[in-house]
Amino acid sequence: MLTLEQFLTLAAILFSIGLYGALTKKNIIIVLVSVEMMLSAVNINLLAFSRYGFVPSINGQVFTLFAMVIAACEVAVGLAILISLYRNRNTTDVRDQDLMKW
Amino acid sequence: MVEGFALTGQSVAFFLISLFVIACGVMVLSLRKVIYMAIALGGVFIGLAGIYILLEAEFLAFIQVLLYAGAITIMLLFAIMLTRHDDVDAEEKITAHPVWSAIGAAAIGLIVLYVLKFSGVRWPEPIESPWAGKNNVNLIGESLFSQYVVPFELVSVVIIVALVGAITLANTGEEEK
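About the cut-offs
Residues numbered from 1 in each chain as written. Chains lettered and ligands numbered in written order. Predicted model: local features only at pLDDT ≥ 70, side-chain atom pairs only at ≥ 80, totals over all residues. Helix = DSSP H or I, 4+ residues; strand = E, 2+ residues; numbered from the N terminus. Rg over C-alpha atoms; globule rule 2.2 N^0.38 Å. Buried ≥ 20, exposed ≤ 12 C-beta atoms within 10 Å, placed from the backbone. Axes fitted to C-alpha atoms, helices over the stretch in contact; angles between N-to-C directions. Parallel < 35°, antiparallel > 145°, perpendicular 65-115°, else oblique. Contact = placed C-beta atoms within 7 Å. Nonpolar A, V, L, I, M, F, W, Y, C, P; charged D, E, K, R; others polar. Core = buried A, V, L, I, M, F, W, Y, C linked by C-beta atoms within 7 Å. Domains from an automatic or database assignment.

Colleague: What am I meant to see in the overall build of chain A here?
Modeller: Scanning chain A from N- to C-terminus turns up 3 helices and 0 strands. Mapped from its N terminus to its C terminus, chain A presents α and β elements in the order α-α-α. Here the C-alpha radius of gyration of chain A, 17 Å, is well above what a compact globule of 102 residues would show, namely 13 Å. Seen along its three principal axes, the alpha-carbon backbone of chain A occupies a region of about 50 × 25 × 25 Å. Looking at chain A as a whole, 51% of its 102 residues qualify as buried.

Right under this line is the structure:
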């Protein structure tokens, strides 16, 4: 039988991969992709606790559903901002987006 | 409860799917072309749908395939195509930045793994399915439309506002002339 720790370990590994990608990648789209991977790791945690946690209940799945909807909104708005930035500055490099750099 | 890893069908499936997910995640980091990275991300999302099925969240597994592996991956591919799609990660000399990022990410991962394994937290014993014989979609629907009906309506408003905002942001405004 599967245990809670196995799922939490997988989520921790996936979160670390996403964190490394978000910190090092040059392309804005890939940074967004890495953030999505971190969000998915959190979703695994919610589902694992809702199935194998101290108080098993369906609430974790409903919460994951909400998290997915918000993630979809985030991707839509993020890509719109990205298209707008590309149109104005003609680059997708993170290091070039320094308009508000102090 | 069993000690160590019992070799059941569930655990074999779990390890294979986990291996697939982590391999695709590493490919997202290591591939050179941006378009390949986005396709590897599709692999991560499909593998995660398998993990959700192992967690007895069948409805969310289908939503994961439809929404993430279908819609979001395709939308990312569109965005890559609309911007500079021949982009490759430039070969540069290593500065301190990726090294510190690797140290930070590895440190966070190791801290979480340490807490999981060695901190003496007593995790709950694995139990039989709490939803045996019940329909997953029914359970989610009842919960969503009774207990969580106000958040459900709010999240509907949020997604409409976000999509209209996305169209407004990406619009050039040229057709108004």
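Having seen the model, we can carry on.
Colleague: Explanation requested: the packing of helix α2 (residues 28-52) of chain A against helix α3 (residues 58-82) of chain B in the structure shown.
Modeller: A packed helix pair is summarised by two numbers, namely the angle formed by the two axes and the spacing between the axes. In contact at an axis separation of 11 Å, α2 of chain A and α3 of chain B are set at 170 degrees when each is read in the N-to-C sense. The angle between the axes of α2 of chain A and α3 of chain B places the two elements in the roughly antiparallel class. Across the interface between the two elements, Ile29, Val33, Glu36 and Leu47 of chain A of α2 of chain A pack against Leu60, Ile72, Leu76, Ala79 and Ile80 of chain B of α3 of chain B. Residues belonging to the contact of α2 of chain A with α3 of chain B are distributed by class as follows: 8 nonpolar, no polar and 1 charged.

Colleague: Whenever I open this one, the nonpolar core confuses me. Can you help?
Modeller: Generally speaking, a soluble globular protein has its nonpolar side chains buried in company with each other. In this structure, Ala11, Ile29, Val33 and Ile44 of chain A together with Val44 and Tyr52 of chain B are the most contacted members of the largest nonpolar core, which totals 63 residues. Listed by contribution, the elements that provide at least two residues to this core are α1 (4-24), α2 and α3 (59-89) of chain A together with α1 (9-30), α2 (34-54) and α3 of chain B. Apart from the residues within four sequence positions on either side, Tyr52 of chain B is in contact with Leu47 of chain A together with Ala57, Leu60, Ala61 and Gln64 of chain B.

Colleague: Is there a simple way to think about the interface of chain A and chain B in this case?
Modeller: By a widespread convention, an interface's size corresponds to the accessible area lost as its parts come together. The partner chain B presents 67 residues to the 59 residues of chain A that form the contact. Looking at the side of chain A that touches chain B, the elements with two or more residues in it are α1, α2 and α3 of chain A. The residue inventory of the side of chain A that touches chain B, partitioned by class, reads 41 nonpolar, 14 polar and 4 charged.

Colleague: Quick question: what am I supposed to make of the packing of α2 of chain A against α2 of chain B here?
Modeller: Packing of α2 of chain A against α2 of chain B leaves a shortest axis separation of 11 Å and a crossing angle of 5 degrees. The angle between α2 of chain A and α2 of chain B places the two elements in the roughly parallel class. Every residue of α2 of chain B that contacts α2 of chain A at Ile29, Ile30, Val33, Met37, Ser40, Ile44 and Leu47 of chain A is listed here: Val34, Met37, Ala38, Leu41, Val44, Leu48, Ile51 and Tyr52 of chain B. Class assignment for the residues of the contact of α2 of chain A with α2 of chain B results in 14 nonpolar, 1 polar and no charged.

Colleague: Just checking my understanding: could you explain the domain arrangement of chain B for this structure?
Modeller: According to the domain assignment, chain B contains domain 1 (7-89) and domain 2 (134-177). Centre-to-centre, using C-alpha coordinates, domain 1 of chain B lies 23 Å away from domain 2 of chain B.

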